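# Architecture and fold: a report
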2 protein chains.
Amino acid sequence: MISIGTLAGRTGTKVQTIRYYEQIGLLPEPERTQGGQRRYDDADLDRLAFIRHARQLGFTLEAIRELLELSDRPERSCAEVDAIAQRQLREVSARIARLEALRGELRRMLRECQADRVADCRVLEVLRDHAECLTDHDRIGT
Amino acid sequence: MISIGTLAGRTGTKVQTIRYYEQIGLLPEPERTQGGQRRYDDADLDRLAFIRHARQLGFTLEAIRELLELSDRPERSCAEVDAIAQRQLREVSARIARLEALRGELRRMLRECQADRVADCRVLEVLRDHAECLTDHDRIGT
DNA sequence: CCTGAACCTACAGTGACTGTAGCAAAGGGG
DNA sequence: CCCCTTTGCTACAGTCACTGTAGGTTCAGG
């Protein structure tokens, strides 16, 4: 039976974040001392560690909620789990591709700019000149 | 003199977003018709196109605010502009590196999971087993 | 018993929008 | 000139995943 601060320390989570996870139903309501302070056990620690690790892999809280529900049904097929992980992999890959395109354009801008004064700055010129857009009208989702 | 809807259409921006940019002072308050509707000119269109293009490159609105201020002082050195772009390049590169690490771990998880049942699912196991964390206690910033 | 750290609730704020409700204005067709 | 649909207006709430603050209470060590 550990306090919220100890749980926070052991999982690398902020105290507020733990209370937030409880509020949105990702963590169960824990026992309380008679003074009203939260007390956690090992199962809570495991669950929170799972959540934090999944968050570090970029899973959304909704995806984590699904993963937690699936892991409570050990006899079911793990195809759904794999599907969630694969979706996450696709999203990560798409973001990498997008960011690599950005990096290319940023590098090009900086390479071309040899100006001294703002008036001749190639960086600003590229930003100003809408015609140089590669793919316009798509989302930013960086 | 064009309406907000036309401006939105020409720049690939939502109408609400334009009003939001005005609200936070990124776009100047435009003229109005006597009925109170906004009317924009070419300077507004250029400014908004600049903002949108910079957003597509992942610059924050604060960075864009700085860039716009600098571009209003054409006689100054463009070193500050380059510094902002370079900072953005570093941030993009850092995010790519982080996401590539995530992609690696996701791929490994999926490759290793040949299980049928949730009980043996390697994906869940990796998420559960805190010891397999590469670098713990760092931010997620994906 | 006392003190100071840790805890409690409730709420506001972040960034960059997006969506909604309930209106008013604009402009084209009849 | 009227109607009607589209577009615009304001004001505010919601998104995601937290983070921070205010103002108070409880706990553990000495």
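Here the structure is a predicted model, which is why all the values come from computation and not from measurement. (Residues numbered from 1 in each chain as written. Chains lettered and ligands numbered in written order. Predicted model: local features only at pLDDT ≥ 70, side-chain atom pairs only at ≥ 80, totals over all residues. Heavy atoms only, no water.)

## Examining the domain arrangement of chain A
Considered domain by domain, chain A is made up of domain 1 (4-58) and domain 2 (79-132). Just the C-alpha atoms count here: the centres of domain 1 of chain A and domain 2 of chain A sit 37 Å apart. (Domains from an automatic or database assignment.)

## Side note on the packing of helix 5 (residues 79-112) of chain A against helix 5 (residues 79-112) of chain B
The contact between helix 5 of chain A and helix 5 of chain B brings their axes to 8 Å, and the two run at 155°. Overall, the two elements helix 5 of chain A and helix 5 of chain B adopt an arrangement that is roughly antiparallel. Considering the relative orientation of helix 5 of chain A and helix 5 of chain B, their crossing is left-handed. Looking at the contact of helix 5 of chain A with helix 5 of chain B, its residues break down into 16 nonpolar, 6 polar and 10 charged. (Axes fitted to C-alpha atoms, helices over the stretch in contact; angles between N-to-C directions. Helix = DSSP H or I, 4+ residues; strand = E, 2+ residues; numbered from the N terminus. Parallel < 35°, antiparallel > 145°, perpendicular 65-115°, else oblique. Left-handed = near helix turned anticlockwise from the far one by under 90°. Nonpolar A, V, L, I, M, F, W, Y, C, P; charged D, E, K, R; others polar.)

## Comments concerning the interface of chain B and chain A
By a widely used convention, the size of an interface equals the accessible area lost when the partners come together. Each partner contributes residues to the interface: chain B has 64 residues there, and chain A has 64 residues. When the two sides are added together, the surface that chain B and chain A hide from each other amounts to roughly 5700 Å², 66% of it contributed by carbon and sulfur. When residues of chain B are sorted by the area they lose upon contact with chain A, His53, Gln56 and Leu127 of chain B head the list and together hold 13% of the total. Scanning the region where chain B abuts chain A turns up 2 salt bridges. Between Arg117 of chain A and Glu75 of chain B there is a salt bridge, with its nearest N and O atoms 2.7 Å apart. One can count 13 residue pairs in polar contact (both at pLDDT 80 or more) joining chain B with chain A. Among the secondary structure elements, those contributing two or more residues to the side of chain B that touches chain A are helix 1 (4-11), helix 3 (42-56), helix 4 (61-71), helix 5 and helix 6 (122-128) of chain B. Tallying contributions element by element places helix 5 of chain B first for the side of chain B that touches chain A, with 20 residues. Considering only residue class, the side of chain B that touches chain A consists of 30 nonpolar, 15 polar and 19 charged. (Contact = heavy atoms within 4.5 Å. Buried area = accessible area lost by both parts, 1.4 Å probe. Salt bridge = Lys/Arg side-chain N within 4 Å of Asp/Glu carboxyl O. Polar contact = N/O pair within 3.5 Å; in protein donor to acceptor, adjacent residues only side chain to side chain.)

## Observations regarding a negative patch on the surface
Together, Glu31, Asp41, Asp42 and Asp46 of chain A give the surface a local cluster of negative charge. Note on placement: Glu31 of chain A falls in strand 1 (residues 31-32). (Patch = residues over 30% accessible without salt bridge, like charges linked within 9 Å, V, L, I, M, F, W, Y side chains within 5 Å. Areas by Shrake-Rupley, 256 points an atom, 1.4 Å probe, with all protein chains shown as cover. Lys, Arg positive; Asp, Glu negative; His and termini not counted. Charge placed at Lys NZ, Arg CZ, Asp CG, Glu CD.)

## Here's the deal with the packing of aromatic side chains
Residues and elements named next belong to chain A. All chains considered together, the criterion is met by 2 aromatic pairs over all chains. Geometrically, the ring pair formed by Tyr20 and Tyr21 is tilted, given 6.0 Å between the ring centres and 45° between the ring planes. What makes Tyr20 partly exposed here is its relative accessible area of 39%. Looking at Tyr21, the relative accessible area reads 3%, which means it is buried. (Phe/Tyr/Trp six-rings, centres within 6.5 Å; stacked < 30°, edge-to-face > 60°. Buried < 20%, exposed > 50% of the residue type's maximum accessible area, 1.4 Å probe, protein only.)

## Overview of the protein's contact with DNA strand D
Near DNA strand D you find 20 residues, and of these Tyr21 and Arg55 of chain A together with Gly5, Arg19 and Arg38 of chain B are the closest. Sugar and phosphate atoms represent 80% of those atoms of DNA strand D found within 4 Å of the protein. The separation between a phosphate oxygen of DNA strand D and a polar side-chain atom of Tyr21 of chain A is 2.8 Å. The separation between a phosphate oxygen of DNA strand D and a polar side-chain atom of Arg55 of chain A is 2.7 Å. Of all the elements in the fold, those that place two or more residues in the surface near DNA strand D are helix 2 (15-23) and helix 3 (42-56) of chain A together with helix 1 of chain B. In terms of residue count, helix 2 of chain A provides more of the surface near DNA strand D than any other element does, 4 residues in total. Looking at the surface near DNA strand D residue by residue, the class counts come to 4 nonpolar, 10 polar and 6 charged. (Near = heavy atom within 4 Å.)

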